[in-house]
Amino acid sequence: MPSSLLGGDYTIEKDLSRMLDNGIAGKRSDGNERNMKGAAGQYTNASGQGPQTLVVSALYGDARAHLKVLLGLVKHGTYDEKMGRRLAAVTADTAIQTGWYTFDSGTHTEAQHLLLGALRAAHASGDSRLKAAALSFLATHSYSVGDPRDAITAARTARTSISDQDSPALHAMLLTRQARGHARLREDRHALAALDEAEEWRMRGPGEHDPHWLYWINKGEILGQRGSCYLELARPAKAAASFAEARGALNQDDIRTRAQFLSRAATAQMRAGDVDAGCATGQEVLTLVDGIHSARLDEHLHSMLQEARRYNTTAPARSLLERGRTVIKERTTR
């Protein structure tokens, strides 16, 4: 960045705005959607070794540095209203990414602050899809570590903001967030109704206004979210069945998503009484997580292994626990 930005005003021109639109993770056909593939959790490998190696810390550092530049431009730059909205959109997008990477690293309070900032920037941009994206990640934060009621409110507000757009995939994703909030509150009927509606929206196929970064909304994702809700609702047999069905419909290249869902599937199988199947799935998870660095995924691993401890008199559980201790130790020393 020009040194003049640090000491005073800087006029934002076309070439600079194009550079900002290109962003961190590569070009997209729409600048406002540029980096959301990463923010959606389907990370690419920062070192070029393949999609299974997730270097979240590197992505977090890049996103944070990019966000710092953008905030400097917002504060010190000179721009007209049109360029201001464009700058706000890029800032919102980058703040969402930074917030998600922060959340995924386990720093929950800072992540919430970043996502709330992203929501304000999205509002200033006038792009309702960015507003919905920020609200969707705030919903995930709320049902994971906050008040599940906030997740429901955020998802509903986001859907209202895009009510005039043809965005079935975006509606489907937001409904899964809403369902997770209901499930955490043990509101069975509302959770399952939201999931049914999510599947109805998904079946419509991509809409004209659906963001490109929602490529991962498919049948497997909805089924996996259904399994997660059943697990929260203390219905492990149904959870195991949903995860089993999701398994064949998930994108095989999305290693992190598969590992996350399969860790829950293993927990569900063990809770349903099928210890052998649960431990076999758990062994598969321990293979998948090699090279994937994510605090959220680690939480799922700990839950899976905690469930296995209930059956430590069986050979499959003992084998899973022994290997699990080694894997966890390796992950915590990196």
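**Student:** Mind showing me how you'd approach the layout of surface pockets here?
**Tutor:** To find leftover empty space, a probe the size of one water molecule is rolled over the atoms. Looking at the largest pocket, its volume works out to about 440 Å³. Residue lining of the largest pocket: 19 residues in total, with Arg 180, Glu 232, Arg 264, His 300 and Ser 303 positioned closest to the centre. Secondary-structure elements contributing two or more residues to the lining of the largest pocket are α7 (128-145), α9 (168-184), α11 (219-232), α13 (255-271) and α15 (295-308). Grouping the amino acids of the lining of the largest pocket by side-chain chemistry returns four nonpolar, seven polar and eight charged.

**Student:** Would you take a moment to explain helix α10 (residues 188-202) for this structure?
**Tutor:** Since the α-helix advances by 3.6 residues per turn, residues separated by three or four positions end up pointing in the same direction. Compared with an ideal rise of 1.5 Å per residue, which puts 15 residues at 21 Å, α10 spans 21 Å between its outermost C-alpha atoms and is within 8% of the ideal. On the buried face of α10, the contacting elements are α8 (148-161), α9 and α11.

**Student:** Just checking my understanding: could you explain the packing of aromatic side chains for this structure?
**Tutor:** Think of a pair of aromatic rings as described by two things: how far the centres are apart, and how the planes are tilted against each other in angle. For the structure on display, the rule yields three aromatic pairs. Aromatic pair Phe 243 and Phe 261: ring centres 6.2 Å apart, planes at 45 degrees, arrangement tilted. Taken together, the positions of Phe 243 in helix α12 (residues 236-247) and Phe 261 in helix α13 put the pair 18 residues apart, joining distant regions of the chain. Both residues of the pair, Phe 243 and Phe 261, belong to the buried class. Within the aromatic cluster, the residues linked to one another by ring pairs are Trp 100, Phe 103 and Phe 137. The lysine or arginine in question, Arg 204, covers the ring of Trp 201, its NZ or CZ lying 3.9 Å from the ring centre.

**Student:** Please clarify how the nonpolar core should be interpreted in this entry.
**Tutor:** Here is a general trend for soluble globular proteins: nonpolar side chains tend to be buried in one another's company. Judged by nonpolar contacts, the single largest core of 77 residues is most densely connected at Leu 170, Met 173, Leu 214 and Met 304. With near-sequence residues (within four places) excluded, Met 304 lies in contact with Ser 263, Ala 266, Thr 267, Met 270, Gly 282, Val 285 and Leu 286. Counting five residues, the second largest nonpolar core, distinct from the first, contains Ala 89, Ala 92, Ala 121 and Ala 122.

**Student:** When you look at the pattern of salt bridges in this model, what are you seeing that I'm missing?
**Tutor:** Pairs may arise between side chains of opposite charge once their charged atoms sit close together. This structure, assessed with the given rule, holds 16 salt bridges. With a shortest N-O distance of 2.4 Å, Asp 104 and Arg 256 are connected by a salt bridge. Of this pair, Asp 104 sits in helix α5 (residues 81-104) while Arg 256 sits in helix α13, and the two are 152 residues apart along the sequence. Exposure class is identical for Asp 104 and Arg 256. Each is buried. Across the pair Arg 159 and Glu 197 runs a salt bridge, and its minimum N-O distance is 3.3 Å. Residue Arg 159 is found in helix α8, and its partner Glu 197 is found in helix α10; the two are separated by 38 residues along the sequence. The exposure class assigned to Arg 159 is buried, which follows from its relative accessible area of 17%.

**Student:** Would you explain the packing of α7 against α9 in this entry?
**Tutor:** Describing two packed helices takes the angle between their axes plus the distance from one axis to the other. Where α7 contacts α9, the two axes come as close as 9 Å, and the packing angle between them is 20 degrees. Compared by their axis directions, α7 and α9 come out roughly parallel. With respect to the hand of their crossing, α7 and α9 are arranged in left-handed fashion. Contacts between α7 and α9 involve Arg 129, Ala 132, Ser 136, Ala 139, Thr 140, Tyr 143 and Ser 144 from the first element and Leu 170, Met 173, Leu 174, Arg 177, Arg 180, Gly 181 and Arg 184 from the second. In terms of residue class, the contact of α7 with α9 is built from six nonpolar, four polar and four charged.

Analysis parameters
- Residues numbered from 1 in each chain as written.
- Predicted model: local features only at pLDDT ≥ 70, side-chain atom pairs only at ≥ 80, totals over all residues.
- Heavy atoms only, no water.
- 1 Å grid on protein atoms, 1.4 Å probe; cavity = no way out; pocket = protein on both sides within 12 Å on 5 of 7 lines; lining within 4 Å.
- Points joined across faces, edges and corners; volume = space filled by probe spheres on them.
- Helix = DSSP H or I, 4+ residues; strand = E, 2+ residues; numbered from the N terminus.
- Nonpolar A, V, L, I, M, F, W, Y, C, P; charged D, E, K, R; others polar.
- Expected span 1.5 Å × (residues − 1).
- Contact = heavy atoms within 4.5 Å.
- Phe/Tyr/Trp six-rings, centres within 6.5 Å; stacked < 30°, edge-to-face > 60°.
- Buried < 20%, exposed > 50% of the residue type's maximum accessible area, 1.4 Å probe, protein only.
- Lys NZ or Arg CZ within 6 Å of the ring centre and 35° of its normal.
- Core = buried A, V, L, I, M, F, W, Y, C linked by side-chain atoms within 4.5 Å.
- Salt bridge = Lys/Arg side-chain N within 4 Å of Asp/Glu carboxyl O.
- Axes fitted to C-alpha atoms, helices over the stretch in contact; angles between N-to-C directions.
- Parallel < 35°, antiparallel > 145°, perpendicular 65-115°, else oblique.
- Left-handed = near helix turned anticlockwise from the far one by under 90°.

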